[in-house]
Amino acid sequence: MKQLFTFVKKEFHHVFRDRKTLLMLFGLPVVQITLFGFALTNEIKNARIVVIDNSKDVASRQLIDKIEASRYFEVEKSVTHLDLENKFKEGKIKLAVLFPENFNQDLLHLNKAQIQVIADASDINTATTLTNYLSAIVLDYQRQLARDATIPLQILPEIRMLYNPELKGEHTFIPGIMAMIMLLVCVMMTSISIVREKELGTMEILLVSPFKPILVILSKFIPYLIISLFNVTSILLLSVYALHLPVQGSLFLLYAESLLFIVTALSIGLLISINAQSQQTAMFGSLMATMLPTLLLSGFMFPIENMPLPLQVISNIVPSKWFFIIVKSIMIKGEGFASIWKETLILAGMTAFFLLVSLKKFKIRLA
Amino acid sequence: MRTIRFLLQKEFRQIFRDKNLLRQMLLAPLIQLMIFPWAANYEVKNINLSVVDHDRSTYSRQLVTKVISSGYFRLNGYSPSYKEAFQLIEHDQADIIIEIPANFEKNLVKENEQKIFLAVNAINGVKALVGSGYLASIVNDYNSEIRMEWHQPGRMPTAPSIEITSSNWFNPLLSYKMFMVPGILAFLVTMIGGMMCSLNIVREKEIGTIEQINVTPIKKYHFILGKLLPFWIMGTFVFTLGLLIARFAYGIIPAGNVGVLYAFLSVYLMAVLGLGLLISTFSNTQQQAMSLSFFFIMIFNLLSGLYTPIESMPEWARTLTALNPLKYFIEVMRMVVLKGSGFHDISHQFLTICIFAVVLNAWAIINYRKTT
């Protein structure tokens, strides 16, 4: 026991000596939450658009005034039809609105008029968002015109947004960031620090010592486990105090599940480090095996149900997918263990599998 | 010149000796480019629907049929009460509940107005917004159908309507793959170039072989060039591979001149590799170099406009993106590949990236010391 303690102390020295890495380990969650929480939004303001008015009558002018008044658009009017393509190619404008001749006349006499909207769909997200904004403005104008007419037989949908009435993104990215950070610390850092000892040859020395090899591994795990728990705490604090996203369910349960996931990550890190001969391979392996699947297939950035079937199937073997579901259930829906025991069991099973394989492959002799 | 040739020989030998690493460097981007675009899709479909129909009338049934036949929704079954439907939401088996109140049909006809209730699982805000938007517009459509049934078209008070015909230039089918593949390729090249380069130098530091180089008469810039060129070539190679995948796996043919892309790439790689060098001069262990480059790549990635438009970011974040080389590359990729922009159109981005390349490399060379 005393031996183990000494070794854990040694590992702590290694970790804390390296100030730059440490800064990154504690700084990354903060930076990520700031960016996700405040920089990545889907609301676009002041987009530059072009309006070409071939009709120049009362109705078109009214509608253009309305477009100009909205905070979404910054209107440019001095562009002609012919310049349009070049303007798009330079990337200076995102959308163009074209009024045909006789806009008002059509509206008054035929009760129906057309406008054309051209969007730069090389950025799909911007294109659809801006088109939607514009449609809403036009619809609003239409309602103004129709104010007097009463419309019969109306079905009025009343929409209630559950769990997240303000439609904030925090609810999906906080669990995702938690998973990412834990994987970063526990898989990447752990595997690299083990392989580093292999590369430098100090592992050899540890293994010939009377100290049990299993304890060598254990002492590698402990510092990263503690750092991860610390990160969980800081992410939760940030989410509660900076983003005002409280933990609905049991805090104890959340920590217990996080601990389970940390152990999962550590066992993956161990498995990678056993197979890798150089730090670069270990790093690449962890990137490919954990970070990217988490980013892509855990449901954190992109909804799983939209993916083609093979990817949906593959997503089931990504541990972070299950952790993501667990954290979402506890933090946002406030559910208890009863509704997440299945996911917990899957995660525990994966952990046991990784640990067994690693221990089986772990050799006392190098090379 | 001869010195550099020898250095290059050494570097390439080292790169090709580590078959594992080489495989990863080449295969990793390929696999990612094959998988990533399939996963990165914000299109919302297959929304699970649970229906609570208290009315059980012709109209309520027609409405549900119309919603299902739109193709966006999947009927998850009828629930007898809202409470039971809500449980489906709690277990992630339903995304939206439609509750149709009793006497829906009767009230609609008699009182000219009737509400229906939609409860949306809004944990994923984007999906909730888009899904409920679809649903509302389908209900609206159904509403006009009923109206047509009851009133002859000419006789009902009509409101003037403005029709919007929208066309999407440069990507008319709004294909997410067209949109994502060029961006992802830019990101992959950045990752491979920046990370590998910084790790490589720090590895020499860690093992101690850098000392051996330092005691030779090799000039600082010789050493730096010797490190830059191999990765520059690797980066260009990976990029070419990526363009081929885009061409043959996704059918994306650059609308613009490929030469413009390569011209930009050649300077861009210098900038990214310069950043890698700079990181390596600041770190002593590979772990450090990796953490630092990971830190930057993460920020670059999120602030690049790959996922969410730059225009939608707040002022301070938009200012930050000006310092993000990846942002310029993704912009140029999308401009040239999708819009067919020429060199003239991207000249602003090109100049900016030139400045990046010069500043980062100069800084790295100044910061690299042959003596400790």
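(A) The domain arrangement of chain A, seen in detail. With domains assigned, chain A is organised as domain 1 (8-39 + 165-361) and domain 2 (47-145). Distance from the C-alpha centre of domain 1 of chain A to the C-alpha centre of domain 2 of chain A: 48 Å.

(B) Here's a closer look at the interface of chain A and chain B. Taken together, the contacts link 91 residues of chain A with 94 residues of chain B. Listing elements by their share of the side of chain A that touches chain B, those giving two or more residues are helix H2 (19-39), helix H4 (84-89), strand S4 (112-120), helix H6 (124-145), strand S5 (154-162), helix H7 (170-200), helix H11 (279-297) and helix H13 (319-333) of chain A. Split by residue class, the side of chain A that touches chain B holds 49 nonpolar, 26 polar and 16 charged. Note that S5 of chain A and strand S4 (residues 113-121) of chain B share nine bridges and pair parallel. Paired with Ile155 of chain A across the bridge in S4 of chain B is Gln114 of chain B.

(C) Region of the structure containing the environment of Ile330 of chain A. Residue and element names in this part refer to chain A. Relative to the elements of secondary structure, Ile330 occurs in helix H13. A sequence separation of 269 residues divides Ile330 from Arg61, and the C-alpha atoms of the two residues are 53 Å apart. Apart from the residues within four sequence positions on either side, Ile330 is in contact with Gly249, Ser250, Leu253, Leu254, Glu257 and Glu335.

(D) Just the pairing of strand S2 (residues 73-76) of chain A, in detail. Two elements, strand S1 (residues 47-53) of chain A and S2 of chain A, share four bridges in a ladder whose sense is parallel. Bridge pairing in S2 of chain A links Arg48 of chain A to Glu74 of chain A.

(E) Region of interest: the environment of Phe179 of chain B. Turning to its location among the elements, Phe179 of chain B is positioned in helix H7 (residues 176-207). The class for Phe179 of chain B is buried, based on 26 C-beta atoms found within 10 Å. Each C-alpha atom of the pair Phe179 of chain B and Met333 of chain B lies 9.9 Å from the other, and the pair is 154 residues apart in sequence. Aside from chain neighbours lying at most four places away, what touches Phe179 of chain B is Asp123 and Ile124 of chain A together with Asn171 of chain B.

(F) Main features of helix H9 (residues 220-249) of chain B. Between its first and last C-alpha, H9 of chain B extends 43 Å over 30 residues, near the 44 Å set by a 1.5 Å rise per residue. Within two residues after H9 of chain B, Gly251 of chain B carries a phi angle of roughly 65°, on the positive side.

(G) Just the environment of Ala127 of chain A, in detail. Within the secondary structure, Ala127 of chain A is located in helix H6. Look at Ala127 of chain A and you get buried, because 25 C-beta atoms sit within 10 Å. Along the backbone, Ala127 of chain A and Leu95 of chain A are 32 residues apart, and their C-alpha atoms lie at a distance of 7.4 Å. With residues up to four places along the chain from it excluded, the contact list for Ala127 of chain A reads Ala119, Asp120 and Ala121 of chain A together with Asn168 of chain B.

(H) Seen up close, the confidence of the model for chain A. Predicted confidence across chain A gives a mean pLDDT of 84, with 95% of residues reaching 70 or more. The spread of mean pLDDT over the elements of chain A runs between S5 of chain A, the lowest at 74, and helix H10 (residues 251-275) of chain A, the highest at 92.

(I) Layout of the domain arrangement of chain B. Domain parsing of chain B yields domain 1 (9-40 + 175-367) and domain 2 (47-150). One C-alpha centre belongs to domain 1 of chain B, the other to domain 2 of chain B; they are set 49 Å apart.

(J) A look at the packing of H2 of chain A against H7 of chain A. Residue and element names in this part refer to chain A. One way to put it is that H2 packs onto H7 with a least axis distance of 10 Å and a crossing angle of 160°. In this view, H2 runs roughly antiparallel relative to H7, as classed from their interaxial angle. As for how H2 packs across H7, the hand of that crossing is right-handed. Here H2 contributes Leu25, Leu28, Pro29, Gln32, Ile33, Phe36 and Gly37 to the contact with H7, which in turn contributes Glu170, Phe173, Ile177, Ile181 and Val185. Broken down by class, the residue content of the contact of H2 with H7 amounts to nine nonpolar, two polar and one charged.

(K) Local environment of helix H13 (residues 325-339) of chain B. Residues and elements named next belong to chain B. Counted at 1.5 Å a residue, the expected span for H13 with its 15 residues is 21 Å, and the 21 Å between its end C-alpha atoms agrees. Among the 15 residues in H13, 15 count as buried, and that is most of the element. Remark: Gly340 follows H13 within two positions and exhibits a positive phi of approximately 70°.

(L) A look at the sheet that holds S4 of chain B. On the basis of which strands lie adjacent, the open sheet formed by five strands has the order S5(A)-S4(B)-S3(B)-S1(B)-S2(B) and mixed pairing. With one partner strand each, in any of the chains shown, S5 of chain A together with strand S2 (73-78) of chain B form the two edges of the open sheet. Averaged over all neighbouring strand pairs, the angle between strand axes comes to 25°, with direction disregarded. Direction of pairing for strand S3 (residues 96-100) of chain B relative to S4 of chain B: antiparallel, over a ladder of four bridges. Pairing of Ile96 of chain B across the sheet is with Val120 of chain B, part of S4 of chain B. Each of S5 of chain A together with S3 and S4 of chain B touches helix H5 (residues 104-111) of chain B; the most contacted strand, S4 of chain B, lies at about 135° to it.

Rules and cut-offs
Residues numbered from 1 in each chain as written. Chains lettered and ligands numbered in written order. Predicted model: local features only at pLDDT ≥ 70, side-chain atom pairs only at ≥ 80, totals over all residues. Domains from an automatic or database assignment. Contact = placed C-beta atoms within 7 Å. Helix = DSSP H or I, 4+ residues; strand = E, 2+ residues; numbered from the N terminus. Nonpolar A, V, L, I, M, F, W, Y, C, P; charged D, E, K, R; others polar. Pairing = 2+ DSSP bridges. Buried ≥ 20, exposed ≤ 12 C-beta atoms within 10 Å, placed from the backbone. Expected span 1.5 Å × (residues − 1). pLDDT = per-residue confidence, 0-100. Axes fitted to C-alpha atoms, helices over the stretch in contact; angles between N-to-C directions. Parallel < 35°, antiparallel > 145°, perpendicular 65-115°, else oblique. Left-handed = near helix turned anticlockwise from the far one by under 90°.

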